[in-house]
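# Structural description and commentary
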Amino acid sequence: MSELDKQFHEAIVNVLLCVADDKLFLGHRNSDWTGIAPILEADIAFSSLAQDDIAHAGAFYELINSINGENPDQIAFGRNTSAYRCADIVTKDDEFNWANAIARQFYCNVYEYLRLQRLSNCTWSPLANLAKRIDAEQAIHVDHITTWMEHLGNGTEDSKERMQKALDDYAPYASMMFEAPRGIDTLFEGGILVNEGCLFTAWKDCVDNIVDGTGLTITVEPCTGDGGRTGNHDEDFTRSLNELQEVFNTDPLAAW
Amino acid sequence: MSASANVEVKVKEFSKEDPAKLAAFEKHVAEGGLVEPNDWMPEAYRALMLRMAEHHANSEIVGALPEGEWITKAPSLLRKLALTAKVQDEVGHGQMLYEVAQDLGKTRNAMLRDLITGVTKYHNCFNYPCPTWADVCMIAWLIDGAAILNQGTLAHGSFGPYIRTMRRINMEEAFHFKHGEDMVLTLMSGTENQKKMAQEAFDRWWGPALAFFGPVDPPDVMERPAMKWRMKTATNDELRQKYVNRFAPAAMATGLVVNVCEKDEKGFVTSATPDPLLKLDKETGNWGFTQPDWDEFFRVIRGDGPCNKERMALRRFSYEQGEWVRRAILNGATNAPCNN
């Protein structure tokens, strides 16, 4: 199906914003490491991943544009805090601690890989095709972060301790990735998206499997409460948004 | 962006070298021959080439810092991607150039340590402030433009690994320049406020761009090792003149005014007046121009510039914060590129 019935527009835009905003802000935060990561080769690789994420976000904003005609830059840069749909783990301040950046990346990358896999089965073909294409790149992100988990978990006692602490610190934020986007049930019931069961369980199996043998443990609980997916954001998100919009807001209608 | 042309090199002596070997080396280089890492070379050549490659590598990774600060503030998806990719390129250039320097006998870790402890230097232009988005645009246009001109001549030098690296880097620098030109043109075709931002940033960067090529040539420049051994193939003044010939008319065509500026100690312009010497000499084809403030240049080189401390503090922070990661990753891998 290449045409989407109007009754599903609002719900699908909301789901697309969840993906695009997660990608935009994860890329935004990770791009901040460009030039100052611990090893030059790691710097270059991490920057490429950040660029992937920002470009993927752009592709999802384009898809939203095909539904509602809104300009992708305006969608990305021009909303108020409560209109963003990302989970706040993506903007949780890493304090330029590499263990934090890796923990955040690990939780988010595996989640994104699984989410895109599910979106690939969407019956609206423009989304299915985009999700398939991007998930192929997302698989590389998962490979990359898996290597980091293995290296830092099995590196030194110090690196293991730092990684475990970061994984624990980010665990409550990881839970919030699983907050259901508003309107997703409408899309399941309408046959647009396929309900493939609990995403959290699938994710937990996957992350546990990756850390098996590294001595690291994951203690993330299922999501409770309302968070970023319903526009309730924390201070770290607001700081990131202010930074994102700093130049744009000096003249939102100007070309830059 | 970066440059190594203005590394002021002092060679104590090279009279200890075997005269026959030295003569053969100089003949080979004068005839356009390349020098490879395992070839015989005068010790002074090795020392100078190492210093040049190390300085260049340092400049690339410190050069990533002023623009890097603007990645998270870039005002559109396209600019954000392009700026991230550009800064990433600079880090990649640093990585390649440290490899070149390593082949001449100094480990990367030693070079990174020497950089943060102030033993070695990096290009002076990165000690100036980058307070607005328009500065990001000007750096990419004016400073990367200067780097292309400079590195274009360095790519005809005598040290094989360096010139091959230069050729690769120059292809990427060409993209940086186009990215900068596009951003400047966008600002200069934009609102009055954007044009004002662009002019103010241009005023801040025109002087450092002219000084980019290094101090005025000494009278014996052609006899000095850097030119004699073809590490450099154009002098500072030649490059500066070519640069003005290219960029002064280009700036004016966009509506920018080439000013002579006075600045405060933070690098901010306190007065700007149109350069009275900026005229085309139709006979030579050269544009006249006022020399940059050389007192300021040497003051900044000595470490007293507007941003020397800030840049080094960030580099040091990065090095120290990453130490535990390097220990974990490189544990036992003594031949890993980033550990030796």
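Quick look at the structure, then. (Residues numbered from 1 in each chain as written. Chains lettered and ligands numbered in written order. Predicted model: local features only at pLDDT ≥ 70, side-chain atom pairs only at ≥ 80, totals over all residues. Heavy atoms only, no water.)

Let us look at the overall build of chain A. A tally of helices and strands in chain A yields 9 helices and 0 strands. The order of α-helices and β-strands along chain A, N terminus first, is α-α-α-α-α-α-α-α-α. Against the 2.2 N^0.38 benchmark of 18 Å for 256 residues, chain A shows a C-alpha radius of gyration of 18 Å, consistent with a compact globule. Along the first, second and third principal axes, the C-alpha atoms of chain A reach 55 × 45 × 30 Å. Relative to all contacts within chain A whose residues are 6 or more apart in sequence, the contacts with residues 24 or more apart total 82%. Total accessible area on chain A is roughly 9800 Å²; 48% of this is exposed by carbon and sulfur atoms. Of note, chain A has its 18 positive side-chain charges centred 2 Å away from the centre of its 42 negative side-chain charges. (Helix = DSSP H or I, 4+ residues; strand = E, 2+ residues; numbered from the N terminus. Rg over C-alpha atoms; globule rule 2.2 N^0.38 Å. Contact = heavy atoms within 4.5 Å. Areas by Shrake-Rupley, 256 points an atom, 1.4 Å probe, with all protein chains shown as cover. Lys, Arg positive; Asp, Glu negative; His and termini not counted. Charge placed at Lys NZ, Arg CZ, Asp CG, Glu CD.)

Our next topic: the interface of chain B and chain A. Each partner contributes residues to the interface: chain B has 45 residues there, and chain A has 47 residues. Summing both sides of the interface, chain B and chain A together bury roughly 3900 Å²; the carbon and sulfur share of this comes to 68%. If you sort the residues of chain B by the area they bury against chain A, Thr72, Leu77 and Trp324 of chain B come out on top, with a joint share of 20%. Our count for the chain B to chain A interface comes out at 3 salt bridges. One salt bridge in this structure joins Glu246 of chain A and Lys73 of chain B, with 3.9 Å as the shortest N-O distance. Residue assignment for the side of chain B that touches chain A shows that the elements contributing at least two residues are helix H2 (43-68), helix H3 (77-102), helix H6 (160-188), helix H7 (192-211), helix H11 (308-321) and helix H12 (323-329) of chain B. (Buried area = accessible area lost by both parts, 1.4 Å probe. Salt bridge = Lys/Arg side-chain N within 4 Å of Asp/Glu carboxyl O.)

Glancing now at the pattern of salt bridges. It is possible for side chains of opposite charge to pair when their charged atoms get near one another. All names here are of chain A. In the structure shown here, the tally under the stated rule is 34 salt bridges over all chains. In this structure, the salt-bridge partner of Asp236 is Arg239, at a minimum N-O distance of 2.4 Å. Pair noted here: Asp236 and Arg239 are both in helix H9 (residues 235-245), with a separation of 3 residues, about one helical turn. The exposure class assigned to Asp236 is buried, which follows from its relative accessible area of 14%. Assessed through its relative accessible area of 49%, Arg239 is described here as partly exposed. Here the salt bridges share partners, and the residues they tie into one network are Asp22, Glu112, Arg115 and Arg229. (Buried < 20%, exposed > 50% of the residue type's maximum accessible area, 1.4 Å probe, protein only.)

With 93 residues, the main nonpolar core has Trp133, Met138, Trp141, Leu142, Tyr162 and Trp206 of chain B as its most contacted residues. Broken down by element, the residue count for this core peaks at 13 residues, all from helix H5 (residues 133-154) of chain B. Among the nonpolar cores identified, the runner-up in size contains 89 residues, and Phe25, Ile39, Val90 and Met149 of chain A belong to it. (Core = buried A, V, L, I, M, F, W, Y, C linked by side-chain atoms within 4.5 Å.)

Moving on to the side chain of Arg204 of chain B. Residue and element names in this part refer to chain B. With respect to the secondary-structure elements, Arg204 resides in helix H7. A distance of 2.8 Å separates polar atoms of two side chains, one belonging to Arg204 and the other to Asp135. Other than its neighbours up to four places away in sequence, Arg204 contacts Pro131, Thr132, Asp135, Lys263, Gly267, Phe268 and Val269. (Polar contact = N/O pair within 3.5 Å; in protein donor to acceptor, adjacent residues only side chain to side chain.)

With that settled, the discussion passes to the packing of aromatic side chains. Scanning the entire structure with this criterion turns up 31 aromatic pairs over all chains. With 5.6 Å between their ring centres and 75° between their planes, Phe212 of chain B and Phe213 of chain B make a pair best called edge-to-face. Classification of Phe212 of chain B as buried rests on a relative accessible area of 0%. These aromatic residues form a ring-pair network of at least three members: Trp141, Phe177, Phe202, Trp206, Phe212, Phe213, Tyr243 and Phe247 of chain B. Its guanidinium or amino end placed over the ring of Tyr170 of chain A, Lys92 of chain A lies 5.6 Å from that ring's centre, counting from NZ or CZ. Cation over ring: Lys73 of chain B sits above Trp70 of chain B, and NZ or CZ is 4.8 Å from the ring centre. (Phe/Tyr/Trp six-rings, centres within 6.5 Å; stacked < 30°, edge-to-face > 60°. Lys NZ or Arg CZ within 6 Å of the ring centre and 35° of its normal.)

All names here are of chain B. A rise of 1.5 Å per residue sets the reference length of helix H9 (residues 236-254), with its 19 residues, at 27 Å; its end C-alpha atoms lie 27 Å apart and thus fit the reference within 8%. Val244 marks where H9 bends most, by close to 25°. Every buried residue belonging to H9 is among Asn236, Leu239, Arg240, Gln241, Tyr243, Val244, Phe247, Ala248, Ala251 and Thr254, and all of these are buried. Looking at the buried side of H9, the elements it contacts are H5, H6, H7, strand E4 (286-287) and helix H10 (294-304). (Expected span 1.5 Å × (residues − 1). Bend = angle between axes of the 7 residues up to and from the residue.)

Residues and elements named next belong to chain A. In this fold, Lys92 is placed in the loop between helix H3 (72-77) and helix H4 (98-119). Assessed through its relative accessible area of 17%, Lys92 is described here as buried. Sequence-wise, Lys92 and Arg104 are 12 residues apart; in three dimensions their C-alpha atoms are separated by 8.2 Å. Filtering out sequence-adjacent residues up to four positions away, Lys92 remains in contact with Arg104, Tyr170, Tyr173 and Asp236.

Residue and element names in this part refer to chain A. Within the secondary structure layout, Arg118 lies in helix H4. Lacking a salt bridge, the buried Arg118 has Glu196 as its closest oppositely charged neighbour, with an N-O distance of 4.8 Å. When neighbours within four sequence positions are excluded, Arg118 is seen to be in contact with Glu196, Gly197, Cys198, Leu199 and Ala202.

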